[in-house]
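Here is what each chain is made of, one letter per residue.
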Amino acid sequence: MLRYLAVLSLAVTSLALPASAAKRQPNTKVTWYGHATFRIETPKGLVLVVDPWFGNPKDPDKDALGKIGKVDYVLVSHGHFDHVVDAVALGKAGASLVGVFELCNALQATGFPKDQASMATCGNVGGTIALGDEVKVTFVPAFHGSGVDRGDGTLPVYAGSPVGFVIEVKDGPTIYHTGDTDAFEDMRDRIGDRFHVDVMLACIGGHFTMDPQGAALAATYVKAKAIVPMHFGTFPVLNGTPDELRAALKARKSSARANARGLPPPSIEVVEMKPGETRTF
Ligand SMILES: [Zn+2]
C-alpha cells in the first residue's frame, strides 16, 4: 500500500510539474541605455540592439556607442530620430538591420549598407524572421508614425508602418519591445495569447506614446510577467513615471470595470532599470 501511494504521489508530482514548466534560469542579458535603447545578449552570445540612441539625455555614458562592441542585429521600430540615431553607425560596423521593408529602404538612403538591410532581415507586420537558430523576431503592430528625417530640412522619408518586436530567445525569455504606441485591444490576442511574454519593454512617458495608465492596460492585455518602463524622462514632456505605472497597475487590479471586461487581474512585476544598468532575464 505504501509503495502504491509513493508511486501515485510521484505520478501526481510529475503531472503537476511537467518538464516544460520547470523554472528556467535567467540567461539573457538586457541593458537599458535610457529612452528606447536596449542591448540584448543571448546565451550563445548573439547581440541585438533595439532603437539605438546612445548618449541620449538619460544615457550616463556619452561614449556608450564607442564601447558597444560587436552587434549582430539592430532592430529599429520606426523612423523617428530618437529611435534611429545610431542605426547607420551600427550598420557600418557590421550589424544587419531588422525593420519593416520601407524603413530598410529609407535607412539605406541615409547610408545603411544595402547588403545588411536585405530581405533576410527586413519584413513587415505579422511576419516572423529567424536570426540564426537561436532568436525569432515577430513584427507586431504599433500605433504611431514613421518617417526618417534626413536632417537637411527636407520632409521625412516615408518608412512604412511603425512596429513593436516580439523577440523569442531559444531556451531563454520572450521579450516584447512595444516601440512607440498606445495600448490597443488586439494586444490581447496578437501578443498575449500567441506568445508567453516574460518581459515587456514598454513606453510610459505619455505625450507621444501611451502613459502609465495606458502601459498598465497594455501589460494587462499582454499578460506580461514583468514590465520594464522606458521612453520617459528623456524630455520634460515625457513625464510619466515608474511610480505612476505601479499605481496604475495596482488600481487595475481592483478595477471592477476592467474585470467585468474579462481582463485578468494583473500580477505584473515592475522592473525599474536605471540607464546603463544590465539585468538578466
Ligand atoms: Zn520615440
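Our structure is the block above this text.
Please read all numbers here as calculations on a predicted model, not as lab measurements. (Residues numbered from 1 in each chain as written. Predicted model: local features only at pLDDT ≥ 70, side-chain atom pairs only at ≥ 80, totals over all residues. Heavy atoms only, no water.)

Residue position: Leu 90 is located in helix α3 (residues 87-92). The class of Leu 90 is buried, set by a relative accessible area of 3%. A sequence separation of 38 residues divides Leu 90 from Pro 52, and the C-alpha atoms of the two residues are 8.6 Å apart. The contact partners of Leu 90, leaving out residues within four places of it in the chain, are Val 49, Pro 52, Phe 54, Leu 65, Ile 68, Val 71, Val 74 and Ala 95. (Helix = DSSP H or I, 4+ residues; strand = E, 2+ residues; numbered from the N terminus. Buried < 20%, exposed > 50% of the residue type's maximum accessible area, 1.4 Å probe, protein only. Contact = heavy atoms within 4.5 Å.)

Moving on, we get to the state of the cysteines. Taken as a whole and assessed by the stated rule, the structure comprises 1 disulfide. One disulfide in the model links Cys 104 with Cys 122; its S-S distance is 2.0 Å. Across the S-S bond of Cys 104 and Cys 122 the torsion is about -90 degrees, and the bridge reads as left-handed. In this pair, Cys 104 is assigned in helix α4 (residues 101-109) and Cys 122 in strand β6 (residues 122-123), connecting sequence segments 18 residues apart. Cys 122 matches Cys 104 in its accessibility class, with the two residues each being buried. (Disulfide = S-S within 2.5 Å.)

In this section: helix α7 (residues 242-253). When the terminal C-alpha atoms of α7 are compared, their 17 Å separation across 12 residues agrees well with the 16 Å that a helix rising 1.5 Å per residue should span. Listed as buried for α7 are Pro 242, Leu 245, Ala 248, Leu 249 and Arg 252. Along the axis of α7, the buried residues cluster in a sector spanning 115 degrees; they form a single face. Looking at α7, the residues exposed on the side facing more than 90 degrees away from the buried face are Asp 243 and Lys 250. (Expected span 1.5 Å × (residues − 1). Arc of directions from axis to C-beta.)

Let us look at the coordination of the zinc ion. Around the zinc ion, the protein supplies Asp 82 (OD), His 83 (NE2), Asp 180 (OD) and His 231 (NE2) as donor atoms, at distances of 2.1 to 2.2 Å. Geometry at the zinc ion is irregular, judged from the 4 donor atoms that bind it and their angles of 89 to 170 degrees at the metal. In the primary structure, the donors to the zinc ion are separated according to the pattern D-H-x96-D-x50-H. Taken as a pair, Asp 180 in the loop between β12 (174-177) and α5 (187-193) and His 231 in the loop between β14 (226-230) and α7 lie far apart in primary sequence, 51 residues in all. Residues Asp 180 and His 231 agree in their burial class; the two are buried. (Donors = N, O, S within 2.8 Å, 3.2 Å for Na, K, Ca; no water. Tetrahedral: all angles 85-135°; square planar, octahedral: opposite > 155°, others 65-115°.)

For the rest of this paragraph, the subject is the pairing of β14. A large share of β14 lies buried, amounting to 5 of its 5 residues. In β14, alternate side chains face the same way, and those of Ala 226, Val 228 and Met 230 on one face and Ile 227 and Pro 229 on the other are all buried. In terms of strand pairing, strand β13 (residues 199-203) meets β14 through 5 bridges, oriented parallel. Bridge assignment links Cys 203 to a residue of β14, and that residue is Met 230. For the crossover from β13 across helix α6 (residues 212-222) to β14, the handedness is right-handed. (Pairing = 2+ DSSP bridges. Right-handed = clockwise from strand over helix to strand, strands pointing away.)

Spatial strand order, β6-β5-β4-β3-β2-β1-β16: 7 strands in an open sheet with mixed pairing. Lying at the two open borders of the sheet, with one neighbouring strand each, are β6 and β16 (278-280). Relative to strand β5 (residues 96-100), strand β4 (residues 73-75) runs parallel, the two sharing 3 bridges. Across the sheet, Leu 75 pairs through a bridge with Val 98, a residue of β5.

What follows covers the side chain of Asp 82. Its place among the elements puts Asp 82 in helix α2 (residues 81-84). Here Asp 82 occupies a buried position and makes no salt bridge, while the nearest side chain of opposite charge, Lys 58, is found at 14 Å. Here the side chain of Asp 82 touches His 83 through a polar contact of 3.0 Å, side chain to side chain. Once residues lying within four places of it in the same chain are set aside, the contact partners of Asp 82 are His 35, Trp 53, Asp 180 and His 231. (Lys, Arg positive; Asp, Glu negative; His and termini not counted. Salt bridge = Lys/Arg side-chain N within 4 Å of Asp/Glu carboxyl O. Polar contact = N/O pair within 3.5 Å; in protein donor to acceptor, adjacent residues only side chain to side chain.)

What follows covers the sheet that holds β12. Across the sheet, which stays open at both edges, the 7 strands sit in the order β7-β8-β11-β12-β13-β14-β15 with mixed pairing between neighbours. Single-partner strands in this sheet number two, and they are β7 (128-131) and β15 (269-270). Strand direction decides the pairing type here: strand β11 (residues 163-169) and β12, joined by 4 bridges, are antiparallel. Each residue of the ladder has a partner; that of Val 166, found in β12, is Tyr 176. In the packing of α7 onto the sheet, contacts are made with β14 and β15, and the angle to β14 comes to roughly 145 degrees. (Axes fitted to C-alpha atoms, helices over the stretch in contact; angles between N-to-C directions.)

Once that is clear, we can look at the environment of Gly 55. Among the structural elements, Gly 55 can be located in the loop between β3 (47-50) and β4. Of the residues examined, Gly 55 reaches a relative accessible area of 27% and is grouped as partly exposed. Gly 55 sits 21 residues away from Gly 34 along the chain, and the two C-alpha atoms are 8.7 Å apart.

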